[in-house]
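Chain by chain, the residues:
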Amino acid sequence: MSQDIAGAAVAGQVAMVFDLNKCMGCQTCSIACKVLWTREEGEEHQWWMTVNTQPGQGTPKDWEDMGGGRKDGSPVTGHQPTRAEFGGGWEFNYDEVFYGGKGRSVHLKPTDKGDGTTRWGMNWDEDQGAGEYPNAYYFYLPRLCNHCTHPVCASACPTGAMYKRPQDGAVLRDEDLCQGSRFCMEACPYKKIYFNEARNVAQHCIMCFPRLEEGVAPACARQCPGRLTFVGMLSDPEGPIHKLVNEWEVALPLHPEYGTTPNVFYVPPLAPYRLNEDMSIDYETPRIPPEYLESLFGPKVHSALATMQGELDRVRAGGTSEILDTLIVYNWLDLFGPFTTDPGTLDRTPDKVAVSLTAKRTEPAGG
Amino acid sequence: MQVPEIVDDALDPADKAWAAVPSEKVPLVPVPIEEQPNEYIRTAWRTRPYGQTGEVDVAAVQRGERLLVRLEWDDSDEPNTEFLDGAGVFFPDAGDSGAPLTIGSHSAPVRLWAWRDRTPMQEALPAARELVASGPGAFRPAGLDAGDGENEGARPDAVSALSGGRWAVVIAGDLAPAAAAGRMGVVVWDGSNDERAGIGAVSPNWVPLTVK
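Residues numbered from 1 in each chain as written. Chains lettered and ligands numbered in written order. Predicted model: local features only at pLDDT ≥ 70, side-chain atom pairs only at ≥ 80, totals over all residues.

### Regarding the overall build of chain B
Tallying secondary structure elements over chain B gives two helices and 15 strands in all. At 16 Å, chain B has a C-alpha radius of gyration in line with the 17 Å of a compact globule built from 212 residues. When its C-alpha atoms are laid out on the principal axes, chain B stretches across 50 × 40 × 35 Å. When burial is assessed residue by residue, chain B has 43% of its 212 residues classed as buried. Across chain B, the fraction of contacts at a sequence separation of at least 24, relative to all contacts at a separation of at least 6, is 70%. (Helix = DSSP H or I, 4+ residues; strand = E, 2+ residues; numbered from the N terminus. Rg over C-alpha atoms; globule rule 2.2 N^0.38 Å. Buried ≥ 20, exposed ≤ 12 C-beta atoms within 10 Å, placed from the backbone. Contact = placed C-beta atoms within 7 Å.)

### Examining the overall build of chain A
Of regular secondary structure, chain A possesses twelve helices and 16 strands. For chain A, the C-alpha atoms occupy an extent of roughly 65 × 60 × 45 Å along the three principal directions. Scored against the burial criterion, the 367 residues of chain A give a buried share of 46%.

### Considering unusual backbone geometry
All names here are of chain A. In this structure, Pro60 follows Thr59 across a cis peptide bond, with omega equal to -10°. With respect to the helices, strands and loops of the structure, Pro60 is situated in the loop between β4 (50–54) and β5 (70–71). Residue Tyr133 is joined to Pro134 through a cis peptide bond whose omega torsion reads 5°. Relative to the helices and strands, Pro134 resides in the loop between α3 (94–99) and β7 (139–143). Backbone geometry places Asp62, a non-glycine residue, at a positive phi of 60°. Although it is not a glycine, Arg227 sits at a positive phi angle of roughly 55°. Tracing the sequence through the fold places Arg227 in the loop between α7 (219–223) and β12 (229–233). On the basis of neighbour count, Arg227 is assigned to the partly exposed category, with 17 C-beta atoms found within 10 Å.

### Overview of the interface of chain B and chain A
Tallying the contact residues gives 23 residues for chain B and 22 residues for chain A. Only α1 (39–45) and β9 (139–141) of chain B provide two or more residues apiece to the side of chain B that touches chain A. The element contributing the most residues to the side of chain B that touches chain A is α1(B), with five residues.

### Notes on the pairing of strand β3 (residues 14–19) of chain A
Residues and elements named next belong to chain A. Where burial is concerned, most of β3 is hidden: six out of the six residues are buried. Here β3 shows a buried face lined by Val14, Met16 and Phe18 and a second buried face lined by Ala15, Val17 and Asp19. Across five bridges, the pairing between β3 and β12 is antiparallel. For Val14, the partnering residue across the bridge sits in β12 and is Met233. (Pairing = 2+ DSSP bridges.)

### Some remarks on the nonpolar core
A general tendency of soluble globular proteins is for nonpolar side chains to be buried together. Residues Val17(A), Cys153(A), Cys184(A), Ile171(B) and Val186(B) are the most contacted members of the largest nonpolar core, which totals 140 residues. Once residues within four sequence positions are removed from consideration, Val186(B) is found in contact with Val26(B), Leu28(B), Val56(B), Val58(B), Leu71(B), Val89(B), Ser203(B) and Val207(B). (Core = buried A, V, L, I, M, F, W, Y, C linked by C-beta atoms within 7 Å.)

### Considering the sheet that holds β3(A)
What holds strands together in a sheet is hydrogen bonding between their backbones, with the strands either parallel or antiparallel. Residue and element names in this part refer to chain A. With mixed pairing, the four strands of this open sheet are ordered in space as β12-β3-β14-β13. At either margin of the open sheet sits one strand with a lone partner, and together these are β12 and β13 (252–253). Bridge count for β13 against strand β14 (residues 264–267) is two bridges, and the pairing is antiparallel. Opposite Leu252, over in β14, you have Tyr266 as the bridge partner.

### What to know about the sheet that holds strand β5 (residues 66–74) of chain B
All names here are of chain B. Taken in spatial order, the five strands of this open sheet run β2-β4-β5-β11-β10, and their pairing is antiparallel. Whereas interior strands pair on both sides, the edge strands pair on one side only; in this sheet they are β2 (24–27) and β10 (157–163). Across the sheet, the mean angle from the axis of one strand to that of its neighbour is 25°, orientation sign disregarded. Relative to strand β4 (residues 55–63), β2 runs antiparallel, the two being bridged by four bridges. The residue of β4 that forms the bridge with Glu24 is Val58. (Axes fitted to C-alpha atoms, helices over the stretch in contact; angles between N-to-C directions.)

### Looking at helix α10 (residues 301–316) of chain A
In an α-helix, one turn spans 3.6 residues, which is why side chains three or four residues apart end up on the same side. Residue and element names in this part refer to chain A. In a regular helix each residue adds 1.5 Å, so 16 residues correspond to 22 Å; α10 covers 22 Å between its end C-alpha atoms and thus fits that length. The complete set of buried residues in α10 reads Val301, Ala304, Leu305, Met308 and Glu311. Buried residues in α10, looked at end-on, bunch into an arc of 125°, giving them a common side. In this structure, α10 carries Ser303, Ala306, Gln309, Gly310 and Asp313 as exposed residues pointing more than 90 degrees from its buried face. (Expected span 1.5 Å × (residues − 1). Arc of directions from axis to C-beta.)

### Comments concerning the environment of Tyr258(A)
All names here are of chain A. Within the fold, Tyr258 resides in the loop between β13 and β14. For Tyr258, a count of 23 C-beta atoms within 10 Å gives the class buried. Placed 106 residues apart in sequence, Tyr258 and Val152 show a C-alpha to C-alpha distance of 10.0 Å. With residues up to four places along the chain from it excluded, the contact list for Tyr258 reads Gly69 and Pro189.

### A closer look at the confidence of the model for chain B
Residues and elements named next belong to chain B. For chain B, per-residue confidence averages 92 on the pLDDT scale, and residues scoring 70 or more make up 93% of the total. Of the regions scoring below 50 in pLDDT, residues 147–151 engages in twelve contacts with residues more than four places distant in sequence or in other chains. On the interface metric, ipTM, the complex scores 0.95, and its pTM is 0.94. (pLDDT = per-residue confidence, 0-100.)

### A word on the domain arrangement of chain A
Residues and elements named next belong to chain A. Each assigned domain of chain A is listed with its residue range as follows: domain 1 (2–87 + 122–356) and domain 2 (88–121). In this structure, domain 1 and domain 2 have C-alpha centres spaced 31 Å apart. Each partner contributes residues to the interface: domain 1 has eleven residues there, and domain 2 has seven residues. Taken together, the residues of the side of domain 1 that touches domain 2 break down into four nonpolar, three polar and four charged. (Domains from an automatic or database assignment. Nonpolar A, V, L, I, M, F, W, Y, C, P; charged D, E, K, R; others polar.)

### So, the confidence of the model for chain A
Any region with low pLDDT has predicted coordinates that should not be read closely. With 93% of its residues at a pLDDT of at least 70, chain A reaches an overall mean of 92. Note that pLDDT drops below 50 for residues 1–5 of chain A; the model gives that stretch eleven contacts with residues more than four away or on any other chain.

So this is what it looks like as structure tokens:
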């Protein structure tokens, strides 16, 4: 058992690894999550899972400038992202186009309600990237709650609604206890907590815990067509996550300087080679500036990239690589650690679903 | 404060019955920063002014088994799109001798009837809730420990009106615990200043209640 700053002891830590070399920005993970969890009133702007193009302003807009997290162990005050900064909840003129008799004169378009809608969105700057032709670059960054080891959201919550679940370290919220004060949204440096105005509660990724409890991987991971999303227990020595994070050190947390010890990790991207002015290949200069990757993943990104490049070179020379074999994922179910159950085989009667959906905090909320 | 009996309901703060009920000006002070429940909130608000609602006019009546408390205070600030104005009254358990400044404590929680203004999207939410408060912002819905959610029978009600830069709110709840407490605390949250939870203005002293 380990003790985190928020006062929660956890028996194990569920974690995820995203291989950014394989993410194609298809947003299937985003849609899988949206369809499963955030379809009610008050959840229109909520995308617990998003894929942003990097470099970019992301979602909420300019989230990296909004503060939060910890520095030298102390909380850093932050901005509470607004519904407009998330991009609002987009609505379209379906009635007008499909049922209003104007199908030939009016085009389908989002409706601007004056609240920021249509001026930002969860993938607003998609594929924009940076750099100049022929050396432009970008990559995709899937983002969700990091289920941090030291969740500053839980530390900032005055009611104890936000907590770290003892059995697997998932950061959950007891919505019976949440009073909608939203200090968690300010404190979270990753800005992945949303406010449900209709219910006056904060909401965020719950690591699909009802699925985990039945041995099913989270929807974002299971629906990912690129085989890039690993799920498992961080401490499982035989699991790919432990190997990628702790043994080979090629998977890194996003913004480790935020001080919350995330449990979502990323294999940084190795971009194609740069081209010289005569269109010959520049083998020496990385296309994605290393300092930019360091700004995202910290100084360890350089050794991670060097390890990855070394593995690639060895395989290209005819050798083998356990790291690359792991990241290729020959067997789809190898992605999911102990969570390989097919959800289609489960009993989904309403009562059982209702029971499994509770995130009620069972241990005292004090402290 | 005398709590006269009335016959007809007066949940509407504009009800003419209130004109005959004497009110009392109750001074308010910021909930102490050092009493805030965690380091994040203390850090975020240590240098930021809050709890500046200086006083509130308080009147109370009893009607049958219900206590109705009318609060009125100045609030001419532009509304905030993120946080809404709110107010509450709270009652200690009989025998508790702590001050109301912290809105209860772990050893001596108080019963809080909390009203919040609502957005159009929040119309389905109750106008007021009964909470068990064990410190600034350390609020828990009443009845939760029994495992049956909020106690519907004990749920307070409220009607509010903002006019001419003044809020008038009537909060009503069960008379018995309030009468047993014999005193009441008051808290006001200025939404335009992002006030919520333990960030607000509170009465530093109990308001005595004389219930027949």
